[in-house]
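Analysis of the macromolecular model
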Amino acid sequence: MKFDFSEDQVMLRNLIREFLTDQCPGSHVREMIESETGFDREIYRQFVQLGILPFPEQYGGGDLGMVEQAIILEEMGRIPYPGPYFATVMLAGSALQLSNDENAMARFLPDASNGDLIMTLAFTEDDTGWTADAISAEAALNGESVTLNGRKRFVPFADAADIILTVARTPGTSGQDGVSIIAIPADAEGVSTGKEMMFDVTSRTATVEFTNVSVPVENIIGEAGAAWPVLEHVIRRAAVAASAEMLGASRRSMEMANEYAKERKQFGQFIGQFQAVKHMLAEMLEKVENGHAAVYYAAWALDADAPDAALAASVAKSTMNTSSRKVCGDSIQVMGGIGFTWEHDLHFFFKRAKNLEVLYGDVDHHYDQVLNEVLAGRVAGAGD
Amino acid sequence: MKFDFSEDQVMLRNLIREFLTDQCPGSHVREMIESETGFDREIYRQFVQLGILPFPEQYGGGDLGMVEQAIILEEMGRIPYPGPYFATVMLAGSALQLSNDENAMARFLPDASNGDLIMTLAFTEDDTGWTADAISAEAALNGESVTLNGRKRFVPFADAADIILTVARTPGTSGQDGVSIIAIPADAEGVSTGKEMMFDVTSRTATVEFTNVSVPVENIIGEAGAAWPVLEHVIRRAAVAASAEMLGASRRSMEMANEYAKERKQFGQFIGQFQAVKHMLAEMLEKVENGHAAVYYAAWALDADAPDAALAASVAKSTMNTSSRKVCGDSIQVMGGIGFTWEHDLHFFFKRAKNLEVLYGDVDHHYDQVLNEVLAGRVAGAGD
Amino acid sequence: MDLRYTEQDQAFRSEVREWLEENVPRKKLETLDEKKAWHRKLYEAGYLGMGWPSEYGGRDARPMEQAIVGEEMVRARAPAPVNGLGISIVGPTLIHHGTEEQNQRHIQKILTAEEIWCQLYSEPNAGSDLASLQCRADIDGDEFVVNGQKVWTSGAHNSDWGLMLARTDRNAPKHQGISCILVDMSSPGVEVRPLKQLSGSQEFSEVFFSDVRVPADNLIGELNTGWRIAQTTLSYERGGNTLSRYTRMQESFNRLLDVVGIVKRDGAALIDSPHIRWRLGKVYADMEILRYSSLRILSRLERGERPGPEASIAKLHYSELDKAIQEVFLDILGPYGQQIEGIPDHIALEPDTDPFEPGSWAYAFAWSRAGTIYAGSSEIQKNILGERVLGLPKEVRADRVQATAQQASSSGNGDD
Amino acid sequence: MDLRYTEQDQAFRSEVREWLEENVPRKKLETLDEKKAWHRKLYEAGYLGMGWPSEYGGRDARPMEQAIVGEEMVRARAPAPVNGLGISIVGPTLIHHGTEEQNQRHIQKILTAEEIWCQLYSEPNAGSDLASLQCRADIDGDEFVVNGQKVWTSGAHNSDWGLMLARTDRNAPKHQGISCILVDMSSPGVEVRPLKQLSGSQEFSEVFFSDVRVPADNLIGELNTGWRIAQTTLSYERGGNTLSRYTRMQESFNRLLDVVGIVKRDGAALIDSPHIRWRLGKVYADMEILRYSSLRILSRLERGERPGPEASIAKLHYSELDKAIQEVFLDILGPYGQQIEGIPDHIALEPDTDPFEPGSWAYAFAWSRAGTIYAGSSEIQKNILGERVLGLPKEVRADRVQATAQQASSSGNGDD
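Quantities reported herein were computed from a predicted structural model and do not represent experimental measurements.

How each quantity is defined
- Think of each chain on its own: its residues are numbered from 1, step by step along the sequence as written.
- Think of it this way: whatever chain is written first is A, whatever ligand is written first is 1, and the rest follow in order.
- At least 70 in pLDDT is required for a residue's local features to be given in this predicted model, at least 80 for side-chain atom pairs to be given and counted, and no such filter applies to totals for whole chains, interfaces and linings, which use all residues.
- Based on all heavy atoms of the structure, the side-chain values leave hydrogens and waters out of the count.
- Helix and strand assignments follow DSSP, with helices taken as H or I runs no shorter than four residues and strands as E runs no shorter than two, numbered in order from the N terminus.
- Radius of gyration here is computed from C-alpha atoms only, and the compact-globule reference equals 2.2 Å multiplied by the residue count raised to the power 0.38.
- Relative accessibility thresholds used throughout: buried, under 20% of the residue-type maximum; exposed, over 50%; partly exposed, between the two (1.4 Å probe, protein chains only).
- In what follows, residue pairs with any heavy atoms lying within 4.5 Å of each other are defined as contacts.
- What sets the accessible areas is the Shrake-Rupley method with a 1.4 Å probe; for residues, cover comes only from the shown protein chains.
- Only four residue types enter the charge count: Lys and Arg as positive, Asp and Glu as negative, with His and the chain ends excluded.
- Every charge is mapped to an atom, namely NZ of Lys, CZ of Arg, CG of Asp or CD of Glu.
- Summed over both partners, the accessible area (1.4 Å probe) lost when two parts come together is defined as the buried area.
- In the sections that follow, a salt bridge refers to a side-chain nitrogen of Lys or Arg positioned within 4 Å of a carboxyl oxygen of Asp or Glu.
- Under this grouping Gly is polar, as are all residues other than the nonpolar Ala, Val, Leu, Ile, Met, Phe, Trp, Tyr, Cys and Pro and the charged Asp, Glu, Lys and Arg.
- Per the annotation, domain bounds derive from an automatic or database assignment of domains.
- Any pair of nitrogen or oxygen atoms within 3.5 Å is treated as a polar contact; in protein, a donor-acceptor pairing is required on top of that, and neighbouring residues in sequence qualify only through side-chain atoms on both sides.
- Multiplying 1.5 Å by the residue count of a helix minus one yields the expected span of that helix.
- Within this analysis, the arc is defined by the directions that extend from the helix axis to the C-beta atoms.
- Lines are fitted to the C-alpha atoms to define the axes, a helix being fitted only along its stretch in contact, and any angle between axes, read from their N-to-C directions, falls within 0 to 180 degrees.
- For classification purposes, angles smaller than 35 degrees are called roughly parallel, those larger than 145 roughly antiparallel, those between 65 and 115 roughly perpendicular, and all remaining angles oblique.
- Predictor confidence is given residue by residue as pLDDT, running from a minimum of 0 to a maximum of 100.
- Any Phe, Tyr or Trp ring, taking Trp's six-membered ring, that has another such ring centre within 6.5 Å forms a pair; planes under 30 degrees apart are called stacked, those over 60 apart edge-to-face, and the others tilted.
- As a reminder, the over-ring test applies to NZ of lysine and CZ of arginine, requiring each to be within 6 Å of the ring centre and within 35 degrees of the ring normal.
- In what follows, a disulfide is any cysteine sulfur pair within 2.5 Å.
- Pairs of strands are assigned from DSSP output, requiring at least two bridges between the strands.

So, the overall build of chain A
Counting its secondary structure elements, chain A contains eleven helices and eleven strands. For chain A, whose C-alpha radius of gyration is 21 Å, the value lies close to the compact-globule estimate of 21 Å for 384 residues. Dimensions of chain A, computed from the C-alpha atoms along their principal axes, are close to 80 × 55 × 40 Å. Across the 384 residues of chain A, 68% fall into the buried class. Across chain A, contacts joining residues at least 24 apart in sequence account for 76% of those joining residues at least 6 apart. For chain A, the accessible surface area stands at approximately 12,200 Å², while carbon and sulfur atoms represent 46% of it. Charge separation in chain A, taken as the distance between the mean sites of 30 positive and 55 negative side-chain charges, equals 9 Å.

Concerning the interface of chain D and chain A
With 47 residues of chain D at the contact, the number on the chain A side is 53 residues. Approximately 4,700 Å² of surface area, both sides summed, lies buried where chain D meets chain A, with 64% of it carried by carbon and sulfur atoms. On the chain D side of the interface with chain A, the three residues burying the most area are D:Met1, D:Tyr292 and D:Arg296, jointly 18% of the side's total. Seen at the junction of chain D and chain A, the total is five salt bridges. Measuring nitrogen to oxygen at the nearest pair gives 2.5 Å for the salt bridge that ties D:Glu387 to A:Lys278. Breaking the side of chain D that touches chain A down by element, the ones donating at least two residues are α1 (7-23), α3 (63-75), α7 (242-262), α8 (274-302), α9 (311-333) and α11 (378-389) of chain D. When its residues are assigned to classes, the side of chain D that touches chain A shows 22 nonpolar, nine polar and 16 charged.

With respect to the domain arrangement of chain A
All names here are of chain A. Taken domain by domain, chain A holds domain 1 (7-86 + 93-117), domain 2 (121-221) and domain 3 (228-375). The centre of domain 2, based on its C-alpha atoms, is set 30 Å off from the matching centre of domain 3. Interface area lost by domain 2 to domain 3 is led by Trp 130, Phe 199 and Asp 200, which between them contribute 42%. The tally of links between domain 2 and domain 3 comes to one salt bridge.

A few points about the domain arrangement of chain C
Here chain C is described as being made up of domain 1 (7-82), domain 2 (117-224) and domain 3 (240-389). Just the C-alpha atoms count here: the centres of domain 1 of chain C and domain 2 of chain C sit 30 Å apart.

Examining the interface of chain B and chain C
Listed as interface residues are 53 residues of chain B and, on the opposing side, 47 residues of chain C. Both faces considered, chain B and chain C share a buried interface measuring about 4,700 Å² in area, 64% of it formed by carbon and sulfur atoms. Inspection of the chain B/chain C interface yields five salt bridges. With a closest N to O distance of 2.4 Å, C:Arg303 and B:Asp4 form a salt bridge. For the interface between chain B and chain C, the tally reads 21 residue pairs in polar contact (both at pLDDT 80 or more).

Details of helix α2 (residues 32-44) of chain C
Residue and element names in this part refer to chain C. In this model α2 runs 18 Å from its N-terminal to its C-terminal C-alpha over 13 residues, within 8% of the 18 Å that 1.5 Å per residue would give. Within α2 the residues assigned to the buried category are Trp 38, His 39, Leu 42 and Tyr 43. Viewed along the axis of α2, the buried residues span an arc of 140°, placing them on a single side of the element. Opposite its buried face, α2 presents the exposed residues Asp 33 and Glu 44, each directed more than 90 degrees away. The inward-facing, buried residues of α2 abut α1 (7-23), α3 (63-75), α4 (84-97) and α5 (100-112). Count one or two residues on from α2 and you reach Gly 46, which has phi positive near 95°.

A look at the side chain of B:His28
As for its placement among the helices and strands, B:His28 is situated in helix α2 (residues 26-34). Apart from residues lying up to four places away in sequence, B:His28 is in contact with B:Gln23, B:Asp40 and B:Ile43.

Some words on the packing of helix α11 (residues 363-375) of chain B against helix α8 (residues 274-302) of chain C
A packed helix pair is summarised by two numbers, namely the angle formed by the two axes and the spacing between the axes. At a minimum axis separation of 8 Å, α11(B) and α8(C) run at an interaxial angle of 80°. One way to sum up the angle between α11(B) and α8(C) is to call them roughly perpendicular. For the pair α11(B) and α8(C), contact is made by B:Val363, B:Asp364, B:Tyr367, B:Val370, B:Leu371, B:Asn372, B:Val374 and B:Leu375 and by C:Arg277, C:Trp278, C:Leu280, C:Gly281, C:Lys282, C:Tyr284 and C:Ala285, respectively. Of the residues that constitute the contact of α11(B) with α8(C), the class distribution is ten nonpolar, two polar and three charged.

Some points on the packing of helix α1 (residues 7-23) of chain B against helix α3 (residues 41-48) of chain B
All names here are of chain B. Where α1 contacts α3, the axes come no closer than 12 Å and their chain directions differ by 170°. Judged on the interaxial angle alone, α3 and α1 are roughly antiparallel. Contact residues: Ile 16, Phe 19, Leu 20 and Gln 23 in α1; Ile 43, Gln 46 and Phe 47 in α3. Taken together, the residues of the contact of α1 with α3 break down into five nonpolar, two polar and no charged.

So, the pattern of salt bridges
Applying the stated rule across the entire model yields 107 salt bridges over all chains. With its nearest N and O atoms 2.8 Å apart, the salt bridge here joins C:Arg17 to C:Glu72. A residue pair is termed long-range when its members are at least 10 positions apart, and C:Arg17 in helix α1 and C:Glu72 in helix α3 qualify at 55 residues. Judged by its relative accessible area of 24%, C:Arg17 falls in the partly exposed class. Because the salt bridges share partners, they merge into one network encompassing A:Arg325, A:Lys354, A:Glu357, C:Glu327, C:Asp331 and C:Arg369.

A few points about the confidence of the model for chain C
The predicted model of chain C averages 91 in pLDDT, with 95% of residues at 70 or higher. Model confidence for the complex is summarised by a pTM of 0.96, with the ipTM given as 0.96.

Here's the deal with unusual backbone geometry
All names here are of chain A. Of the consecutive residues Ile 79 and Pro 80, the connecting peptide bond is found in the cis state with omega at -15°. Position of Pro 80 relative to the elements: it lies in the loop between α4 (66-77) and α5 (85-99). Although it is not a glycine, Phe 154 sits at a positive phi angle of roughly 55°. Summarising the element assignment, Phe 154 is placed in strand β3 (residues 145-156). By relative accessible area, Phe 154 is classed as buried at 7%.

Comments concerning the packing of aromatic side chains
Within a pair of aromatic rings, the relevant descriptors are the distance that separates the centres and the angle that separates the planes. Per the stated rule, a full pass over the model turns up 56 aromatic pairs over all chains. Ring geometry for B:Phe86 versus B:Tyr360: centroids 5.4 Å apart, planes at 10°, classification stacked. With B:Phe86 in helix α5 (residues 85-99) and B:Tyr360 in the loop between α10 (346-357) and α11, this residue pair connects regions lying 274 residues apart in the sequence. For B:Phe86, a relative accessible area of 9% gives the class buried. Taken together, the ring pairs in this structure connect A:Phe86, A:Phe123, A:Trp130, A:Trp228 and A:Tyr360 into an aromatic cluster. The ring of A:Phe199 carries A:Lys351 above its face, with NZ or CZ at 5.2 Å from the centroid. A cation over an aromatic ring shows up here: C:Arg193 above the ring of C:Phe208, its NZ or CZ 3.9 Å from the ring centre.

A look at the state of the cysteines
In the structure shown here, the tally under the stated rule is zero disulfides over all chains. Free cysteine: B:Cys24, not disulfide-bonded; nearest cysteine sulfur from B:Cys328 at 19 Å. In this structure D:Cys180 is a free cysteine whose sulfur lies 12 Å from that of D:Cys118, the closest cysteine sulfur available. By relative accessible area, which is 0% here, D:Cys180 ends up buried.

Looking at the pairing of β3(A)
Residue and element names in this part refer to chain A. The sheet contact formed by strand β2 (residues 138-142) and β3 spans five bridges and is antiparallel. Residue Glu 138 lies in a different strand from β3, and its bridge partner there is Asn 149. Linkage of β2 to β3, two consecutive antiparallel strands, is achieved through a turn of two residues, within which Gly 143 is found at a positive phi near 60°. Bridge count between β3 and strand β8 (residues 205-216): nine bridges; the pairing is antiparallel. Within the sheet, the bridge partner assigned to Val 146 lies in β8 and is Val 215.

In structure tokens, the structure reads:
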């Protein structure tokens, strides 16, 4: 029973923190979010070249586990980093890896590992759920090609992506049957993107319309019509990854509020001397530390393929969904007016956490999953 | 627009408060709850003879409205008064009044108004819901008599009651159809009661089993098989009445905690000087004052037969359900160890409020009702 | 108890509603002139400053009539008057504390929006602890010389005049060295720098004062009595306006009801999700409580009572409630609730013409986070309730300890 | 990170489980002798004081092994050892601070329950502010003379000995005048009065001391160092036991799962209510967090770290969580959850043999309200976290202000 990070993991965290605080100070985050694409391509390239990717080594990755990805994403949450790492690596990359489609991996992962290829996953539609019932875009097989029609919303970094892994179903199917993942080049004929702008200014998304987009059948990732189990696993990984980002955003937010409470005086004393503020911060600390336990337990469980891996992922996401709104929100309350200004970085964390709350399952979705796992007996044994 | 009590209403409140603080000090409450029946028959008799009942004057009542009953019940909650007022007047009495069954009223209300007759309503069964679906006890008509079979649980003061108004359905019916209210003498053959003891030691209930209990058809209150609309109305009144009791329990509880916070010193200062305690009490005050607005609005709406009367009743009950647990619970937290002793009265309020939470609809039930009323457009107009 | 609207009130409501239907601008007011024109129109219809005495251009209207106008304006999606602070804060302050000359000079122009006003209270180091403000107004002959900085000044960029709290005696205990002064915002030495908020919009400014000369005649009331004047002023912010806050929430709720009938999640309309139904029921119940308690406050105002410390309950309640409700709205709406651009028409919070809320759920959400901070944070309100309503002893606080120590030291060692 | 149990731990767990299956009493322990016999049996099996050094009858067991025993005892519904405070508090205190003679005299008897111990700390006026205790132990020759009152003494009526904090110097600053003393509860002048709790049960007592004479040899450590000793003692209460608290919650949850499959509300099984499913999912998620964080604490203990102020997170977390969870259980169960007598067998919380929880949901609910008050209230824990973990400055508090004033006054007016 070792809950602490290994030495390698500590080194990884230090490496990432150093890189990001160096390359992405608040001033540069502001530049990036004002820019056309919303991120800095050069920083992104350098970042993925740090050798930290979960992809297999033969495709240029670092073969790192989910615990390591959680460490990386927690650090990203502390900036919060604006860029397509999550989209390329945690969404599209996970879909390729978990599909076990060697051809597709060989085709896309080496370039992605270089930072030359940006990918994303188009899952969400007008229906914003995270079960197979939410999918209605249609992919029709016509001999050697497949034709895609449908509209995807909130596609992360769709404007920047070269490849959009798109989730669609065989016409006439429903539920978990008939779901496929298809690699669509962003410049394919019939693909058009529409602007979205979110409350979380550090994340970019777009609406993508697919009108009779035709690609070769080789672009289907894994087996046609049988992608749901893969997607379920992708969403689970994404939920844990998002939880890690929310943890980073929460902890950084709390640290800022805590520093402020030690410096800001009102009524002749530091505001951190008022119990109202002190106790609020103590509650944040409790939530952050519990969140740490939840995120890393879940990441470990995925790596270990533990029987309670799905349960732990839902515990982590539902917990961070409720904690991060409280921690980031109360940080604003502690900092008062200054926390409400655009000039202070605090709102970035609040917004990033809020955005991640509704992605990869809200609390309703995950409490449902938790109970299902419990009723199915997929819980951790007490060592037996 | 007058939200304040009229002079008569203020006088009524003072009368009740004086009577109850006089007759039911904490010491006597303790004696009553230790006694066989759980209440003091003589005090009960004197109390109902104050002329405060909602029954029509011709049957010995005071013809008072729901606002007045809320005033009375709020005062009872401040003791909290242990006795069958709620069961006799608000449950059974309401059922008789709302049934518009003149014969039944003439038969029972005069004695009830004297305090000679104690009545109760047996609604809850093994299924503890508050819709018609919860009812499965059967009442079969055989010519001039009706035969009752079934088990009722949590029947208030069933041990003391002379008449048990029992809710049952015609065999073969379901839902809101076929529901009747039947007056069963407690000493009828086939009636047996089983002991229950509740966390709320100031309220008595019992399990009542009906085995082939046969009574004349005249004992059916109102029209046979058509009692559901009446019962729905009875439950609505009971929900508002219970909210008023919870309000009284909450306010009294808060007052005690507030007094304690002004007297108790720790770390050289009054604990009410700590923001943790001060803010907790301020939040209680907010809840209590909002509860007051909710309870009396709902009571007024019932009296005025306002279009939003059902909505307001559900708002009041759901609000007091969530507020009273917080107010009474935090009072214990403020008072610490002393609040956890049996010798201090504080726990009586906590327990009474907890008991009332699950009666006449929990929050799930009432939030459901609220939305239904809103979707049906049965809301208050803005003066139009 | 009688919670019916009187026939008189109902008639008045119909009149207001009719007038608004005919007069509310159908397009967003872009220019300052357009905004002033709308303000003036509202005034001329008798719907601004309506509680003021008729001698000052008001109509001695009852609190209920003011509340009705407030409600109906929300319902009609009428833009707020551009000189809102002039109407809600400055006018009443002048009426209570101004000289005849000051009132003659300003009140009519406040009503007509010829003069737009802002409130110069908060400072970077004086937020919750407003009385520690440091912006100085030093007397020099028959002028004040003002130096310092204000922050969180709403609408400063449009303002002609400001109502300022400034320190006029640096040696007095902090509450006793503050004065209330009228400042011409076009005076040399006044600099306004817009401040961008978390919401992305810029409703507030920082205002800097460098040797700004203000005629001594612009003092309100006595010198060094500004704190007491401001306390009265602040109380105008609380009380009768809670009903229109309720109405605003209800308008959003009704819009949400439309949306949840259309938008689907996991194949079913949102309204068919039991969890969403539960939340909608709870939110509506919570909103109704605000309505009931607003009616209770109005009933007191109608009886002629002034809002006392109990008004803190209303402030605490509606600001915390708004925060909770907006969060629930976003829970229900999923990513659509966080969309600022590109939001489908059938999901958008109907764009009203109020510049404060440009039509996205996210904006309303963002602003709800400010409500528990400004005009006395929730923590301050709880202190007020604890001490002034519940009668709890004041907390031991550094400034009080220091004041006591200074007093003891200045009075010698006599009471050892 | 590696969160698997080692093979060694798994083997140990199987061994413990097997032993408990064979040995846990099948009926409620009624008499003190029966309770002592069970305690002794546990000790002889090696499951009590197992972390103590072997020279004192322990087996130098690892924290994980202790946690496993704790978990398995809950799972097996094993009665708690009657001398629980002796094992958890008194023994470790003696091992760290006792003289060789004191240890020889008591430790073995603590392990065997020949001596049952209680903890004489809290007083009516010393709860959260324990250091303000007033119970006096005055030195008179080679004896202490003890006068005063203690309260919230758990198991006092059965106790042979008590570990007392008493004031031995009334002129010293409050933390520096307290000593830690062993008191024979059969001494003349000791009076135990049972105290009935909100739950209806009587686990605690008030204890009165009138001129009770205690040999000076019974002092633990140095005179007037009792506060420091008690601080170490209190830290034993926190830490490794959170896993068994989780296990207890999980046992209740599993029982609830049985019940909600059977009991109906409005015609449908409780488990079919989406709202109840939501609550069950949430409760389980919250419980899992407690398990994960317990494992994290255990992992630190295994590495040899002592629980520091972070242990306050665990205390705050499990006590507040228990309060929330028990409330949810009652929400789900409706009136059945509040039944104390007459509860149908298929709904009752399975009666275990633990005297603390006599099998009703209501009792567990009632006790959950005490958890945020005793052993450092939630408010105290938040202060500890704020000041000792987050490094926030201490609050301005009357006793500190007074101490500073006294210091200033006793050192003359030098630092004016």
